[in-house]
Amino acid sequence: MDPLPIKSEAFTLDDDIDEKWAVRAKTIVNEPGDKEEIKAKVEELRLKLKEKYPDSADIFTDKYIIKYLRSANWDVVDAMDMFVTSVQQFKDFLPFITAGTPSQLQEVWNKKLVWISPKRDQFGRRVLVLRLGKWNPSDFDAKHLYSATFSLLQMISLEAVTQVAGTVFVADMNGFGFKHLKALGVEELRCLGSFLSGGFPMWFRKLHIVNNPRLFNMLYTILKGFLGPRIKDNVQFHGYQLPTLLEAVPAETLPKDLGGQSIDEDIDLSVEALKKNEDCILAILDQLKYLSL
């Protein structure tokens with residue numbers, strides 16, 4: 001498919017894909033072109049969900065179901081498996097997901113450690129930047145950083161275009177040291193592995209790791225054991241070679257310290273949008289909590 005122009009796009013949670021993206025969706029996530037076929041698959045998954053969770057029928061709206069179908073290439077069985085996995089993940093890793101609401105995580109936002117670029121890449125994908133190496137574990141623990149990241153991803157998982165195009169993850173390890181290694185235990189790595197490997201209804205198209213010291217490579221050896229095929233083959237290490245990162249990810253979506261062109265105002269936009277949509281995000285968490293009981 002032809003590359004798309006790099007431009008800012010508001011974080012909109014209610015719009016559906018337009019005709020241009022409907023054509024792309026057929027190729028990218030195997031989305032049916034026929035409305036009746038879409039309706040049939042939605043109803044098929046809804047029946048499976050009602051059978052599994054009989055007291056939660058009101059939760060399963062068309063938009064809620066389509067999110068899971070797109071994240072499973074419109075395979076009903078795979079979408080059902082992903083849904084069950086996401087509920088189990090919420091139960092297993094509750095402290096990492098609910099350490100704070102978006103408005104309670106201001107200490108994380110102030111450090112500008114994680115955000116989503118307002119500009120999509122050349123394939124229409126959202127770009128999430130995580131400055132893990134700049135995180136000081138003495139300021140707040142990993143649970144708060146995880147909850148902040150999870151909340152941002154919950155928000156964009158409601159964007160129809162992102163459900164199709166997916167997300168690119170850029171992890172900046174500059175400054176990563178023993179204090180980070182000590183703060184990231186097996187549970188933290190298991191949570192991250194589950195999240196990236198199909199425990200969350202989103203396509204993580206690529207995980208770019210940059211400025212990674214040897215110490216982080218040791219940690220990744222452990223993390224790799226928790227990664228499934230959905231993401232394991234889509235991890236690219238750049239070391240300290242920013243040019244290779246810029247070949248894969250547009251400069252317009254990256255901060256200046258990674259060779260990009262983003263300004264502080266760009267960094268703040270996704271967090272501002274998240275806070276505006278906080279009630280919606282909390283409703284999703286309440287639903288997952290209810291289903292996991």
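Residues numbered from 1 in each chain as written. Predicted model: local features only at pLDDT ≥ 70, side-chain atom pairs only at ≥ 80, totals over all residues. Heavy atoms only, no water.

(A) Focus on the overall build of the protein. Check the secondary structure of the protein and you find 15 helices and 5 strands. Here the C-alpha radius of gyration of the protein, 18 Å, is about what a compact globule of 293 residues would show, namely 19 Å. Along the longest, intermediate and shortest principal axes, the C-alpha atoms of the protein span 50 × 45 × 35 Å. Considering only contacts in the protein between residues 6 or more positions apart, those separated by 24 or more positions represent 78%. Here the protein has roughly 13,400 Å² of accessible surface; of this, 52% comes from carbon and sulfur atoms. Between the centroid of the 37 positive side chains of the protein and the centroid of its 41 negative side chains there is a distance of 4 Å. (Helix = DSSP H or I, 4+ residues; strand = E, 2+ residues; numbered from the N terminus. Rg over C-alpha atoms; globule rule 2.2 N^0.38 Å. Contact = heavy atoms within 4.5 Å. Areas by Shrake-Rupley, 256 points an atom, 1.4 Å probe, with all protein chains shown as cover. Lys, Arg positive; Asp, Glu negative; His and termini not counted. Charge placed at Lys NZ, Arg CZ, Asp CG, Glu CD.)

(B) Broad picture of the sheet that holds strand β4 (residues 204-210). What the 5 strands build is an open sheet, ordered β1-β2-β3-β4-β5; its pairing is mixed. Strands with a single pairing partner mark the edges of an open sheet, and in this sheet they are β1 (114-116) and β5 (235-239). Strand after strand, the sheet turns through a mean of 15° between neighbouring axes, direction not considered. (Pairing = 2+ DSSP bridges. Axes fitted to C-alpha atoms, helices over the stretch in contact; angles between N-to-C directions.)

(C) Seen up close, the pairing of β4. Among the 7 residues that make up β4, 6 are buried, leaving the element largely enclosed by the rest of the structure. Looking at chain direction, strand β3 (residues 167-172) and β4 are connected through 6 bridges and run parallel. Paired with V170 across the two strands is H208, which belongs to β4. Pairing geometry for β4 and β5, over 4 bridges, is parallel. By the bridge assignment, H208 is partnered in β5 with Q236. (Buried < 20%, exposed > 50% of the residue type's maximum accessible area, 1.4 Å probe, protein only.)

(D) Seen up close, helix α2 (residues 35-52). Between the first and last C-alpha of α2 there are 26 Å, a value that for 18 residues agrees with the 26 Å anticipated at 1.5 Å per step. Here α2 has its buried residues at I38, V42, L45, R46 and L49. Along α2, the residues classed as buried sweep out an arc of 110° about the axis, all on the same side. Along α2, exposed side chains directed more than 90 degrees from the buried face belong to E36, L47 and E51. (Expected span 1.5 Å × (residues − 1). Arc of directions from axis to C-beta.)

(E) Spatial organisation of the packing of aromatic side chains. Counted according to the given criterion, the structure contains 16 aromatic pairs. Seen from their ring centres, Y53 and F60 are 6.4 Å apart, and the 45° between their planes marks the pair as tilted. What makes Y53 buried here is its relative accessible area of 10%. Three or more aromatic residues joined by ring pairs make a cluster, and in this case those are Y53, F60, Y64, Y68 and F83. When the ring centre of W203 is taken as reference, the NZ or CZ atom of R230 above it lies at 3.7 Å. (Phe/Tyr/Trp six-rings, centres within 6.5 Å; stacked < 30°, edge-to-face > 60°. Lys NZ or Arg CZ within 6 Å of the ring centre and 35° of its normal.)

(F) Examining the pattern of salt bridges more closely. Tallied over the entire structure, the rule returns 13 salt bridges. Of the charged contacts in the structure, one is a salt bridge between R120 and E9, with a shortest N-O distance of 2.9 Å. Taken together, the residues span a long stretch of sequence, with R120 in the loop between β1 and β2 (126-130) and E9 in the segment before α1 (19-28) at a distance of 111 residues. R120 sits in the buried class, given a relative accessible area of 5%. Of the charged contacts in the structure, one is a salt bridge between R131 and D257, with a shortest N-O distance of 3.2 Å. With R131 in the loop between β2 and α7 (142-156) and D257 in the loop between α13 (242-248) and α14 (264-276), this residue pair connects regions lying 126 residues apart in the sequence. A residue is classified by how much of its surface remains accessible, and D257, at 37% relative accessible area, is partly exposed. Taken together, the salt bridges that share partners define one network made up of E9, R120, R126 and E159. (Salt bridge = Lys/Arg side-chain N within 4 Å of Asp/Glu carboxyl O.)

(G) Spotlight on the side chain of E159. Structurally, E159 is set in the loop between α7 and α8 (160-165). A polar atom in the side chain of E159 sits 3.5 Å from the side chain of R120. (Polar contact = N/O pair within 3.5 Å; in protein donor to acceptor, adjacent residues only side chain to side chain.)

(H) Focus on the nonpolar core. Of all hydrophobic cores here, the largest spans 87 residues; its most connected members are F60, F83, V114, L145, M155 and F204. Here this core gets 9 residues from one element, more than from any other, and that element is α7. Those residues in contact with V114 that sit more than four places away from it in its chain are V108, W109, L128, V129, L130, L145, A148, T149 and L152. Counting residues in each nonpolar core, the second largest holds 11 residues, with W115, V129, L245 and L258 among its members. (Core = buried A, V, L, I, M, F, W, Y, C linked by side-chain atoms within 4.5 Å.)

(I) Just the environment of G260, in detail. When you line up the elements, G260 lands in the loop between α13 and α14. Residue G260 is classed as buried on the basis of its relative accessible area of 12%. Considered as a pair, G260 and L246 are 14 residues apart in the sequence and their alpha carbons are 7.9 Å apart.

These results come straight from atomic positions and should not be treated as a statement about function.
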